[in-house]
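Notes for the structure review
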Protein chains: 2
Amino acid sequence: MDGEGRSIADDSVPSAAETPTLAHVARLAKVSENTVSRVIRNKGPIAPETRLRVNAAIDALGYVPNRAAGSLASSSSPIIGVILPSLSNIVFPEVLRGINAGLIGTSYRPMIGVTDYSLETEQDIISSLLAWHPAAIITTGFEHTTAARRMLEGSRVRIAELMDIDDRPIDLAVGLSHREAGRAMARHLVQRGYSRIGYVGHDWTADRRARLRYEGLCEGLSETGLSLVAEYRTEAPSSTLEGRRALASLLADGAAIDAAAFSNDDMAVGGFMHCMAAGMPVPDGLALMGFNGLEIGQVLPKPLTTVLSNRFAIGKTAIEALLETPQRPQEARIIDTGFSIIEGATA
Amino acid sequence: MDGEGRSIADDSVPSAAETPTLAHVARLAKVSENTVSRVIRNKGPIAPETRLRVNAAIDALGYVPNRAAGSLASSSSPIIGVILPSLSNIVFPEVLRGINAGLIGTSYRPMIGVTDYSLETEQDIISSLLAWHPAAIITTGFEHTTAARRMLEGSRVRIAELMDIDDRPIDLAVGLSHREAGRAMARHLVQRGYSRIGYVGHDWTADRRARLRYEGLCEGLSETGLSLVAEYRTEAPSSTLEGRRALASLLADGAAIDAAAFSNDDMAVGGFMHCMAAGMPVPDGLALMGFNGLEIGQVLPKPLTTVLSNRFAIGKTAIEALLETPQRPQEARIIDTGFSIIEGATA
DNA sequence: AGTCAGAATCTCAGCGCTAACATGTTTTCA
DNA sequence: TGAAAACATGTTAGCGCTGAGATTCTGACT
C-alpha cells in the first residue's frame with residue numbers, strides 16, 4: 001500500500017546502478033545504521049529478531065560493506081601487508097600459501113609487495129603498505145634500512161619478520177635457526193662417514209640466511225676437526241641451472257670431495273642433474289645434500305638428502321600468532337618452527 | 001621566535017604519536033588542503049614554487065597519505081584484486097610475478113585471494129575484493145558461478161580473465177589457446193615420427209585448460225589419421241610425484257606406446273624420473289612431451305621437449321592493458337600471448 | 001584602460017562507515 | 001518494590017581525503 005501519496009524519502013532501495021549503502025539497509029530493516037553496522041561486525045548485543053531482519057535486508061539488497069569507509073572510520077583495516085623478497089623461488093609462494101591458509105575464514109586479505117631482495121624497495125613498500133593502516137605487516141629477515149625500521153617500529157601495526165630467528169625481532173619472528181641448520185648438515189654428513197666436504201652455493205649478498213647456513217656448516221665441521229676442502233659460489237641467484245653449472249665447475253677444478261653441501265635444494269637438484277649427465281654415481285662417487293625439502297628433490301631417481309624448512313608452517317604460524325594478539329605486545333617474541341633432516345638416498 | 005604568546009592554532013606540526021594528515025601539511029606549507037592533494041596526485045596546474053613548498057612540508061612531516069580516506073572520497077582505490085587458483089603450482093606465482101612487474105612504478109598494489117580451484121570460493125573472494133572498489137580484478141579462466149559473473153559484470157571495475165582465450169571474456173582475456181597448444185603437441189610428435197602416442201594427465205575436473213589441451217591433442221592426432229593408443233589420468237592434482245606414478249602405471253598396464261604426452265611439465269618431469277629409475281631410455285625407448293616450459297624441465301639430463309606458455313608475459317600484459325584504459329571498454333578484448341614449442345631432447 | 005582567458009588556488013560539502021555516548025527497556029535481586 | 005545491572009537500540013560527530021565549483025590573480029590583447 002504505497003498509494004497514499006508520494007512517500008517523503010522512500011530511498012530504502014537504492015536506485016539502479018547505485019550501490020547500496022548501510023543507510024539503505026538500515027531503512028529497509030527499519031533500524032539505525034549503527035545497528036546494521038553492529039550486526040555486520042557482530043559486535044555488541046543484538047536482539048535475534050533484529051539480526052534476522054537486518055540480514056534479510058542485506059541479502060535483499062546484495063549489500064557489500066565499503067571497506068574504505070570502514071577503514072577510515074576505524075583507522076584500521078583488514079589488510080595484511082606481505083612483503084616477499086621474490087616470487088621466482090617456490091619457497092616464498094609457499095610462505096604466502098601458509099599465510100593465506102591462516103587467513104581462511106577471516107575477512108583479512110593479503111596485500112603484497114616484492115622487494116627483489118632490495119632493502120630500498122622494501123622501504124618503499126613498507127611506506128605504501130602503512131598508508132592502508134593494515135592490521136599487520138609481514139616481512140622477511142631482520143635486515144631493513146634505518147628508515148624502514150623506524151617506520152615499522154613507529155607504527156602501531158603488528159610486525160612479523162619471517163624465516164630467520166638468529167637475531168632480535170621488532171615484534172615477532174617466526175622461522176628457524178639457519179645457523180643451527182647448517183651445523184645439522186655438517187653433523188649429518190660427518191656421521192655418514194664423509195670427510196672431504198665441499199660447498200656449492202649461490203650469490204648470498206642479499207641472502208643472509210644462506211650465509212648463516214654456510215657459517216653453521218663450517219662451525220659444525222670444525223667441531224669435529226674438519227673443514228671444507230673446496231667451495232664454489234656462483235655470482236647469480238640460486239637456480240637449478242646454476243647448481244648444475246656450479247658443481248660441474250667445482251669438479252672440473254679438480255676438487256677431491258666425497259660430499260657436496262649445497263646452499264639449497266634448487267642448487268642441489270642441479271648438482272644431481274650434473275652427476276646424472278656426467279655418469280657420476282650418487283652417493284658413492286659423490287654425496288649430495290641440500291636445504292629446504294622441496295618436492296622436486298624427493299622425486300629424483302634417488303630422493304635428495306636435505307633439511308626440511310617448514311615454509312608453509314612459518315606463514316601459517318605467523319598469521320595465527322599475529323591475529324591472536326591484535327595489539328603489539330611489550331616483549332618481542334620468537335617462534336621456532338624448527339627443521340628436520342630428510343634422510344634421502346644421496347648422502 | 002614563538003615567544004610572543006601562545007599561538008591560537010599552531011597545529012601545523014602534529015603532536016607526537018599523531019600521524020600527520022593533509023591538514024598538517026597544508027598548514028605547514030601555507031596552502032589549502034586541496035592544493036596539497038593536487039600536488040600529491042599531480043593533478044591540475046601548480047606553481048613550481050608551491051610544489052616545492054608542499055613537497056618540503058611533506059618531507060619534513062614524513063607525511064604518508066591515508067589510502068582509505070582517498071579511496072572513500074574518490075570511490076576507487078589503487079588496488080588490483082588478483083584471484084589465483086593455487087599457490088602450490090609455480091605457474092601461478094609466475095603470473096603474479098608478471099602482474100607485479102607490470103605494477104612497478106605505479107602506486108597500485110595487488111591484493112590476493114586463492115580459490116583452491118573452487119568457484120564458490122572465487123565468488124566469496126570477488127565479493128570481498130569488490131568491497132575495496134579496486135581498479136581492476138584479475139582472475140583465471142572463464143568459469144565463474146552465476147552470482148560471481150553477475151558481480152563482475154555489474155561492477156564498473158575492469159576485469160581480466162587470464163590464461164585462456166578459448167571463450168568470450170567479460171572485459172579482457174589474456175592468455176593462449178590451450179586447444180591450439182594441444183594440436184601443436186600432436187603435430188610435433190607426429191612430425192618426429194611417433195605414432196603410438198599415449199596421454200598421461202591429472203585430475204582435470206577443475207582444470208578446464210588441461211582438458212582443452214587434451215582435446216586439442218586428440219583433434220591434432222585425428223587430423224593425421226591417428227588417435228591416442230593409451231591414456232591414464234590420476235585422480236589427484238598434478239605433481240611431479242603423480243606424474244612419476246602415472247607413467248609407471250600406464251606402462252605397467254602393458255601400454256605399447258612410443259611417446260607420452262603429459263598434461264603439463266610437472267607430470268612430464270615425474271615421468272622422466274620414472275624412466276631414469278626404470279632404466280627406460282628417453283626418447284629412444286619412450287619419448288616424453290610436456291606443457292609449460294618450466295625451468296626444471298630444461299635442467300634434466302635431457303632437456304624436456306615441451307610447450308612454452310608465457311606465464312610471466314600473461315600477467316604483465318594483462319596489467320599493462322588494464323592500466324592503459326581505466327574505464328571498461330564497450331567491446332571485450334582478447335590478447336593472445338601465444339605459445340612456442342621448446343625443442344628439447346625428449347621427443 | 002577595459003576585457004577576458006587561463007592559471008593558480010580556495011571553499012565546502014560530502015564519501016560510507018564507526019566510536020562514543022545517550023537513551024530507553026527489560027531483568028535481577030536485595 | 002525499587003535500584004542497579006544488563007540489554008537493545010538510537011544520536012551525533014567525525015575519520016582524512018577528493019570533486020565540483022567558486023574565487024582571485026595574472027598577462028595578453030584590444
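Quantities reported herein were computed from a predicted structural model and do not represent experimental measurements. (Residues numbered from 1 in each chain as written. Chains lettered and ligands numbered in written order. Predicted model: local features only at pLDDT ≥ 70, side-chain atom pairs only at ≥ 80, totals over all residues. Heavy atoms only, no water.)

What follows is about the overall build of chain A. When its secondary structure is counted, chain A shows 13 helices and 12 strands. Its C-alpha atoms give chain A a radius of gyration of 27 Å, clearly above 20 Å, the size a compact globule of 347 residues would have. When its C-alpha atoms are laid out on the principal axes, chain A stretches across 100 × 40 × 35 Å. In chain A, buried positions account for 52% of the 347 residues. The contacts in chain A between residues at least 6 apart in sequence include a share of 68% that link residues at least 24 apart. Of the roughly 15,000 Å² of accessible surface on chain A, 50% is carried by carbon and sulfur atoms. For chain A, the distance from the average site of its 33 positive side-chain charges to the average site of its 40 negative ones is 5 Å. (Helix = DSSP H or I, 4+ residues; strand = E, 2+ residues; numbered from the N terminus. Rg over C-alpha atoms; globule rule 2.2 N^0.38 Å. Buried < 20%, exposed > 50% of the residue type's maximum accessible area, 1.4 Å probe, protein only. Contact = heavy atoms within 4.5 Å. Areas by Shrake-Rupley, 256 points an atom, 1.4 Å probe, with all protein chains shown as cover. Lys, Arg positive; Asp, Glu negative; His and termini not counted. Charge placed at Lys NZ, Arg CZ, Asp CG, Glu CD.)

In the numbering adopted here, UniProt assigns the feature "domain: HTH lacI-type" (unreviewed entry) to residues 20–74 of chain A. In this annotation, residues 20–74 of chain A is assigned 71% helix and 0% strand; the end-to-end C-alpha distance for the span is 20 Å. (UniProt positions renumbered as here; feature names shortened; annotations may be inferred.)

A word on the pattern of salt bridges. Under the criterion given, the structure shown has 29 salt bridges over all chains. Here A:Glu343 makes a salt bridge to A:Arg192, at a shortest N to O gap of 2.2 Å. Here the residue A:Glu343 occupies a position in the segment after strand S12 (339–342), and A:Arg192 occupies one in the loop between helix H8 (178–191) and strand S6 (197–201), the gap between them amounting to 151 residues. A salt bridge links B:Asp164 to B:Arg208; its shortest N-O distance comes to 2.9 Å. Placement of B:Asp164 in strand S4 (residues 158–164) and of B:Arg208 in helix H9 (residues 208–223) is noted, with a sequence separation of 44 residues between them. As far as the burial class goes, B:Asp164 and B:Arg208 line up, both buried. When salt bridges with common partners are traced through the structure, they connect B:Arg179, B:Glu180, B:Arg183, B:Glu215, B:Glu219 and B:Glu223 into a single cluster. (Salt bridge = Lys/Arg side-chain N within 4 Å of Asp/Glu carboxyl O.)

This next bit is on the domain arrangement of chain A. Annotation of chain A at the domain level lists domain 1 (1–65), domain 2 (77–177 + 312–339) and domain 3 (178–308). Each of domain 1 of chain A and domain 3 of chain A was reduced to a C-alpha centroid, and the two centroids are 64 Å apart. (Domains from an automatic or database assignment.)

All right, on to the relation of the copies chain B and chain A then. Overlaying chain B with chain A gives an RMSD of 0.1 Å, the required rotation being 180° about an axis along which the chain moves by 0.0 Å. In the structure described here, the two chain copies are related by an operation that fits a two-fold rotation axis. (Least-squares fit on C-alpha atoms with pLDDT ≥ 70 in both.)

Further remarks concern the protein's contact with DNA strand D. Neighbouring residues of DNA strand D: 25 residues in total, closest A:Thr50, B:Leu22, B:Ser37, B:Arg41 and B:Tyr63. A breakdown of the atoms of DNA strand D within 4 Å of the protein gives sugar and phosphate a share of 62%. Separating a phosphate oxygen of DNA strand D from a backbone N or O atom of A:Ala47 is a distance of 2.7 Å. Elements supplying a minimum of two residues to the surface near DNA strand D: helix H2 (33–41) and helix H4 (67–74) of chain A together with helix H2 (33–41) and helix H4 (67–74) of chain B. (Near = heavy atom within 4 Å. Polar contact = N/O pair within 3.5 Å; in protein donor to acceptor, adjacent residues only side chain to side chain.)

Moving on, we come to the protein's contact with DNA strand C. Lining the immediate surroundings of DNA strand C are 25 residues, of which A:Leu22, A:Ser37, A:Tyr63, B:Arg38 and B:Thr50 lie closest. Of all atoms in DNA strand C that approach within 4 Å of the protein, 64% are sugar or phosphate atoms. Between DNA strand C and A:Ala69 there is a distance of 3.4 Å, counted from a base nitrogen to a backbone nitrogen or oxygen. Residue B:Thr35 places a side-chain N or O atom 2.7 Å away from a phosphate oxygen belonging to DNA strand C. Looking at the surface near DNA strand C, the elements that each hand over two or more residues are H2 and H4 of chain A together with H2 and H4 of chain B.

This part covers the interface of chain B and chain A. By a widespread convention, an interface's size corresponds to the accessible area lost as its parts come together. Listed by partner, the interface residues are 46 residues for chain B and 46 residues for chain A. At the boundary of chain B with chain A, total buried surface from both sides reaches about 4,300 Å², with 67% on carbon and sulfur atoms. When the buried surface of chain B facing chain A is broken down by residue, B:Arg109, B:Trp132 and B:Val299 rank first, second and third, together holding 16% of it. In this assembly, chain B and chain A are joined by 0 salt bridges. At the surface where chain B touches chain A, the tally comes to 14 residue pairs in polar contact (both at pLDDT 80 or more). Taken together, the elements giving at least two residues each to the side of chain B that touches chain A come down to H4, strand S1 (77–84), helix H5 (91–103), strand S2 (109–114), helix H6 (119–130), helix H10 (240–252), helix H11 (265–278) and helix H12 (295–298) of chain B. Per-element accounting of the side of chain B that touches chain A gives the leading share, 6 residues, to S2(B). A breakdown of the residues in the side of chain B that touches chain A according to their chemical character gives 28 nonpolar, 12 polar and 6 charged. (Buried area = accessible area lost by both parts, 1.4 Å probe. Nonpolar A, V, L, I, M, F, W, Y, C, P; charged D, E, K, R; others polar.)

Before going further, it helps to spend a moment on the nonpolar core. Counting residues in each nonpolar core, the largest one holds 138 residues, and the members touching the most others are A:Leu162, A:Leu288, B:Leu162 and B:Leu288. What A:Leu162 contacts, discounting residues up to four positions off in sequence, is A:Val95, A:Ile138, A:Thr139, A:Thr140, A:Gly141, A:Val174, A:Ile314, A:Gly315 and A:Ala318. With 28 residues, the next largest nonpolar core counts A:Trp132, A:Leu152, A:Ile170 and B:Ile125 among its residues. (Core = buried A, V, L, I, M, F, W, Y, C linked by side-chain atoms within 4.5 Å.)

All names here are of chain B. Strand order in the open sheet formed by 4 strands is S7-S6-S8-S9, and the pairing between neighbours is parallel. Strands at the two margins of the open sheet, each flanked by one partner only, are strand S7 (230–233) and strand S9 (287–289). Taken over all neighbouring pairs, the strand axes of this sheet differ in orientation by 15° on average, direction set aside. Of the strand pairs in this sheet, strand S6 (residues 197–201) and S7 are connected by 4 bridges, and their pairing is parallel. If you follow Gly198 over to S7, its bridge partner there is Ala230. Strands in contact with helix H8 (residues 178–191) are S6, strand S8 (259–262) and S9; relative to S8, the strand with the most contacts, it is inclined by about 165°. Sitting on the sheet, H9 is in contact with S6, S7 and S8, with an inclination near 175° to S6. (Pairing = 2+ DSSP bridges. Axes fitted to C-alpha atoms, helices over the stretch in contact; angles between N-to-C directions.)

Let's shift gears to unusual backbone geometry. Residue and element names in this part refer to chain A. Val282 connects to Pro283 through a cis peptide bond whose omega is 5°. By secondary structure assignment, the location of Pro283 is in the loop between helix H11 (265–278) and strand S9 (287–289). The phi torsion at His133 lies on the positive side, around 50°, for a residue other than glycine. Of the residues examined, His133 reaches a relative accessible area of 28% and is grouped as partly exposed.

Summary statistics for chain A give a mean pLDDT of 93 and a share of 95% for residues scoring 70 or more. Confidence over residues 1–10 of chain A falls short of pLDDT 50; this stretch has 1 contact with residues more than four positions distant or in other chains. (pLDDT = per-residue confidence, 0-100.)

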